[in-house]
Amino acid sequence: MSQTQRVGFLLVDNFTMISLASAIEPLRMANQLSGQPLYEWVMLTETGQPVRASDNIMVTPDHGIHDCGHIDMMLLCGGVGVANARSRNLRAWLQQLAHRRIKLGALCTGSYLLADAGVLTGYRCTLHWEYMAAFKEAFPQLETSNALYCIDRDRLTSSGGTVPMDMMLHLIEKEHSSALSTAICDMFLCERIREGQEEQRVPLRHLVGSAQPKLAEVVALMEANLEEPITLDELAHYVGLSRRQVERLFQRHVKCSPSRYYLNLRLKRARQLLRQTSYSIIEIATACGFVSTPHFSKCYRENFGVPPRDDRCGRSAPKAEEIAPVMPELELNIRLESARGEPTFASVTL
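Residues numbered from 1 in each chain as written. Predicted model: local features only at pLDDT ≥ 70, side-chain atom pairs only at ≥ 80, totals over all residues. Heavy atoms only, no water.

Chemist: Whenever I open this one, the nonpolar core confuses me. Can you help?
Modeler: Across soluble globular proteins, nonpolar side chains have a tendency to be buried as a group. Judged by nonpolar contacts, the single largest core of 37 residues is most densely connected at Phe-9, Leu-11, Phe-15, Leu-20, Leu-27, Tyr-39 and Met-168. Among the secondary structure elements, those contributing two or more residues to this core are strand E1 (5–11), helix H1 (17–34), strand E2 (39–45), strand E6 (73–77), helix H5 (163–175) and helix H6 (178–187). With near-sequence residues (within four places) excluded, Leu-11 lies in contact with Leu-20, Met-43, Leu-44, Thr-45, Val-51, Val-59 and Cys-77. (Core = buried A, V, L, I, M, F, W, Y, C linked by side-chain atoms within 4.5 Å. Buried < 20%, exposed > 50% of the residue type's maximum accessible area, 1.4 Å probe, protein only. Helix = DSSP H or I, 4+ residues; strand = E, 2+ residues; numbered from the N terminus. Contact = heavy atoms within 4.5 Å.)

Structure below.
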């Protein structure tokens, strides 16, 4: 009989419910299909007090971080505004776990808290792409990947949404068997287990798929050189095309010029930094490749309809074209249970 592994889930305010459920459900199903208590899990918060998820569901934890007992693996569940969850107490506790060589991981944006505690140094990591710009600025020394998830020795980090399910299925396969992970996949009507090295989907891929590798190469170069923009002639040279060929690719598949697309990338990164960090507007302008603050403010206002300072103060509303298409409604009834078999919170419909 396999030894039961005890997994802790640390919830912070505004954590993402779908990422939490995607990580727990494979563990529950592993127990059910194997007929053995392979895993048990506990819900934690820093103080032991209830926290509210981003979908407004209040969750009452089993324990606070200092009275949770033995833990084999600890996963931090992040969400919007994860930097607000930083504290000296949490940082010291995570460092203690790392010193005791307990597996540490993160879901969605939880990697930010691991990085803040200094326990990701020397490890490859990832987090949700929307928060990646701020993360790279805050922790430039870390090896940050755009992969769906990263399992690097005793660190497990995952982007958001349903990706934690893939990461946990991979872990179950490694710790038990591929037959078990495949059976879990079948129970959840999951077509396949995605590999960790697969990259997170970015807006360009939604537009052109994988049929335009040269276009993807140009955009990758743009994304890697936001602070010091590359000229169009240089971009074309690097991918082995003429300037005119690059312009045609963008006009045909993206419906705008390369320079406009490059500017939009820089402005989107600027907006992420503006909303997610405390950097000054001058610092953000420099980090996004603008030669002066007035030029940055002018471009920002033209693109978003509001100056940077007002956007930081929260007086702007998103344009219709900035709002991503909403997926069809999906009803998913979940019931999470603690290690004692008691409900942590009631069944909900997501």
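Chemist: Explain unusual backbone geometry to me, please; I cannot follow it from the model alone.
Modeler: Trans is the common state for peptide bonds, and a negative phi is the common state for residues other than glycine. Positioned with a positive phi, Asn-14 is a non-glycine residue whose angle comes to about 75°. The partly exposed category is assigned to Asn-14, whose relative accessible area is 32%. Its identity is not glycine, yet Arg-101 carries a phi of approximately 60°, on the positive side. Inspection of the secondary structure puts Arg-101 in the loop between helix H2 (88–99) and strand E7 (103–107).

Chemist: Sorry, what's going on with the environment of Gly-8 here?
Modeler: Its location among the elements puts Gly-8 in strand E1. Spatially, the C-alpha atoms of Gly-8 and Leu-104 are 9.7 Å apart, while their sequence positions differ by 96 residues. Here Gly-8 is in contact with Val-42, Ile-71, Met-73, Met-74 and Leu-75, once residues within four sequence places are set aside.

Chemist: I keep staring at the packing of aromatic side chains and nothing clicks. Help me out?
Modeler: Centre distance and the angle of the planes are the two values used to describe a pair of aromatic rings. Applying the stated criterion to the full structure yields eight aromatic pairs. With centroids separated by 5.6 Å and ring planes inclined at 65°, the aromatic side chains of Phe-296 and Tyr-300 adopt a geometry described as edge-to-face. Of this pair, Phe-296 and Tyr-300 both sit in helix H13 (residues 293–304), four residues apart, which is roughly one turn of that helix. Of the aromatic side chains, those joined through ring pairs into one cluster are Tyr-112, Tyr-131, Phe-135 and Phe-139. Above the face of the Tyr-123 ring, Arg-153 is positioned so that its terminal group lies 4.3 Å from the ring centre. When the ring centre of Tyr-123 is taken as reference, the NZ or CZ atom of Arg-155 above it lies at 4.6 Å. (Phe/Tyr/Trp six-rings, centres within 6.5 Å; stacked < 30°, edge-to-face > 60°. Lys NZ or Arg CZ within 6 Å of the ring centre and 35° of its normal.)

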